[in-house]
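What follows is the residue order along each chain.
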Amino acid sequence: MKKDNMEAENKYDLARWLAGEMDQDELTAFRNSPGFDDYERIAQMSRDFAVADFDENRILNRIISGKPKTIESRTIPLYRSNLMRVAAVLVIAIGLFFVFRTDIVTEKSGYGKTGSIVLPDHSHVELNSGSEIKYDKSDWNESRKLSLDGEAYFKVAKGKTFDVATDMGTVTVVGTQFNVKSRENRFEVECYEGKVKVTSNGRQTMLTPGMAFISDHGNVSDVAVSDRTKPAWTLGEIQFTSADLSQIASELERRFDIRIEIMSDSEKTLTGTFSATDFKETLELICRFYKLRAETRNNVVILSADE
Amino acid sequence: MRMDNCSLSGVCDEGLFSRIFRQQAKTLRNFLVYKYGDTEKANDVTQDAFAKLWENCSDVPEEKAKSYLYTVANNAALNKIAHKKVVLAYAQNSTMRSVTTESPEFVYEEEEFRSRLQNAIGNLTEAQRTAFLMNRIDGKKYHEIADILGISVKAVEKRISGALSSLRQEIGTI
């Protein structure tokens, strides 16, 4: 064994020592190295750390009986006398607060605006109106993972997996181009280049270029085919794929930074591409499709049935 | 490309679900604590993940339950938990030392070392800290950690070694 550079060089040896996997020679050499006493102490002491207790039974019962979690239920552990007393003593006695080093970055684009972001690995993100991404800069090279609320187009630099987490599912990719839309109850992923894996509601779907995944209120529609090479919204267009009136109105609000109120309901869904720059034209086409009348009151566009 | 449940049985049986819960819940919850440092949120996210599994029990086969839980928890955590302070208690019933034989100087020095160690653990990278504490506190073997984190055993060993080496360095330089 190379005794001299035991500490610095061997990336795995400390772990092997900790797991008791070193052979006799290695162990003897390690015991004689200058850092041994410290390592020994760290290993022993770290084993005696603890985290606050976790009441499995209570939580399991609550899940199986289907009782929703309440604010009150969170405070219950305070009254679980023994444990809490012990925990309190421990906390006060030792006062072990420590701060983790992180660097959470939030990027937002407001209504009527779009944004363009370059991530630490030079992956590109274009954010559609009213969207937000968050990621941990300090951890970026370790795991390329960000959370998305809204819609964004990604051009991912080659490398390790790249995860986009949304409320409704996760998209995992390696070096590719794709669009993710996570709005209200609708989740859409479209792949333009490379391969994309979508995990939603515990199901996984693989997308290749030209394929799209759409889930509306948890209903997954068959994977549609798209012939675009970039999402319509990055080209100044608004694209709807079997969208209902309220989804259309929300999208118009975000893209044109306006407020819309719908006084009519319709079950019809709409598929088509509209201008994201000419509000009048887009509104007129949509009104015609749904047989609506539009009027503006106090800066709110009111859509009602056109009798 | 809708996937059917076909022959996959799911985890709706209460006994099976309870067993999965007992096997996985504490590990998942502690993992979230080590990662984000927020015990209460970690409890919530763990509970939510299991509630969701229970809700969708017919869609999730037993062998997928674990990865389902971690996926749900990681997604929720990314949205809900901001990294923050953690409370790591020191177990008093430690059998390591017998109090009677220790001089006050030794006790003081011991406390000093311990608080440096706690501080240094907080300064580890998330990846190192998670792997290290899963091994030290939960007593997980490297292959178990590898399995949970979806990385290789070599990668776990690298993180553990890295953790030990940074801890020693940091403790030495304060």
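Report follows, based on the coordinates. (Residues numbered from 1 in each chain as written. Chains lettered and ligands numbered in written order. Predicted model: local features only at pLDDT ≥ 70, side-chain atom pairs only at ≥ 80, totals over all residues.)

1. Here we look at the overall build of chain B
Across its full length, chain B holds seven helices and one strand. Start at the N end of chain B and walk to the C end: the helices and strands fall as α-α-α-β-α-α-α-α. Buried positions account for 42% of the 174 residues belonging to chain B. By sequence separation, contacts in chain B at least 24 residues apart represent 70% of the contacts at least 6 residues apart. (Helix = DSSP H or I, 4+ residues; strand = E, 2+ residues; numbered from the N terminus. Buried ≥ 20, exposed ≤ 12 C-beta atoms within 10 Å, placed from the backbone. Contact = placed C-beta atoms within 7 Å.)

2. Section: the nonpolar core
Counting 80 residues, the largest nonpolar core has Phe178 and Val189 of chain A together with Leu32, Ala49, Leu69, Ala73 and Ile160 of chain B as the members making the most contacts within it. With ten residues, helix α1 (residues 14-36) of chain B is the single largest residue contributor to this core. When sequence neighbours within four positions are dropped, the list of residues in contact with isoleucine 160 of chain B reads Leu14, Ala15 and Leu18 of chain A together with Ala131, Phe132 and Asn135 of chain B. Core analysis: the second largest hydrophobic core is formed by six residues, Ala243, Ile248, Leu252 and Ile286 of chain A among them. (Core = buried A, V, L, I, M, F, W, Y, C linked by C-beta atoms within 7 Å.)

3. Considering helix α8 (residues 245-256) of chain A
Residues and elements named next belong to chain A. End to end, α8 covers 16 Å across twelve residues, agreeing with the expected 16 Å (1.5 Å per residue, within 8%). Of all the residues in α8, the buried ones are Leu245, Ile248, Glu251, Leu252, Arg254, Arg255 and Phe256. Of the surrounding secondary structure, the elements contacted by the buried residues of α8 are β14 (237-243), β15 (259-262), β16 (270-275) and α9 (279-290). Positive phi appears at aspartate 257, one or two residues downstream of α8, with a value of about 50°. (Expected span 1.5 Å × (residues − 1).)

4. Describing the pairing of strand β5 (residues 124-127) of chain A
Residues and elements named next belong to chain A. Across four bridges, the pairing between strand β4 (residues 115-118) and β5 is antiparallel. Bridge pairing in β5 links isoleucine 117 to valine 125. Taken together, β4 and the strand that follows it, β5, pair antiparallel across an intervening segment of five residues, in which histidine 122 is found at a positive phi of about 70°. Bridge analysis of β5 against strand β7 (residues 144-155) gives four bridges, and the strand direction is antiparallel. Counterpart to histidine 124 in the pairing with β7 is lysine 155. (Pairing = 2+ DSSP bridges.)

5. Some words on the environment of lysine 155 of chain A
All names here are of chain A. Looking at where lysine 155 falls in the secondary structure, it is placed in strand β7. Accessibility expressed as a C-beta count within 10 Å gives 18 for lysine 155, which makes it partly exposed. Separated by 38 residues in sequence, lysine 155 and glutamate 193 place their C-alpha atoms 9.0 Å apart.

6. Concerning the sheet that holds strand β18 (residues 300-305) of chain A
Residues and elements named next belong to chain A. Pairing within the open sheet is mixed, and its three strands lie in the order β15-β18-β17. Looking along the sheet, the strands with just one partner apiece sit at the ends: β15 and β17 (292-297). Each strand of the sheet is rotated relative to its neighbour by a mean of 25°, with strand direction disregarded. Looking at chain direction, β15 and β18 are connected through four bridges and run parallel. Residue arginine 259 lies in a different strand from β18, and its bridge partner there is valine 300. Its contacts with the sheet put α9 on β17 and β18, and the angle it makes with β17 is roughly 135°. (Axes fitted to C-alpha atoms, helices over the stretch in contact; angles between N-to-C directions.)

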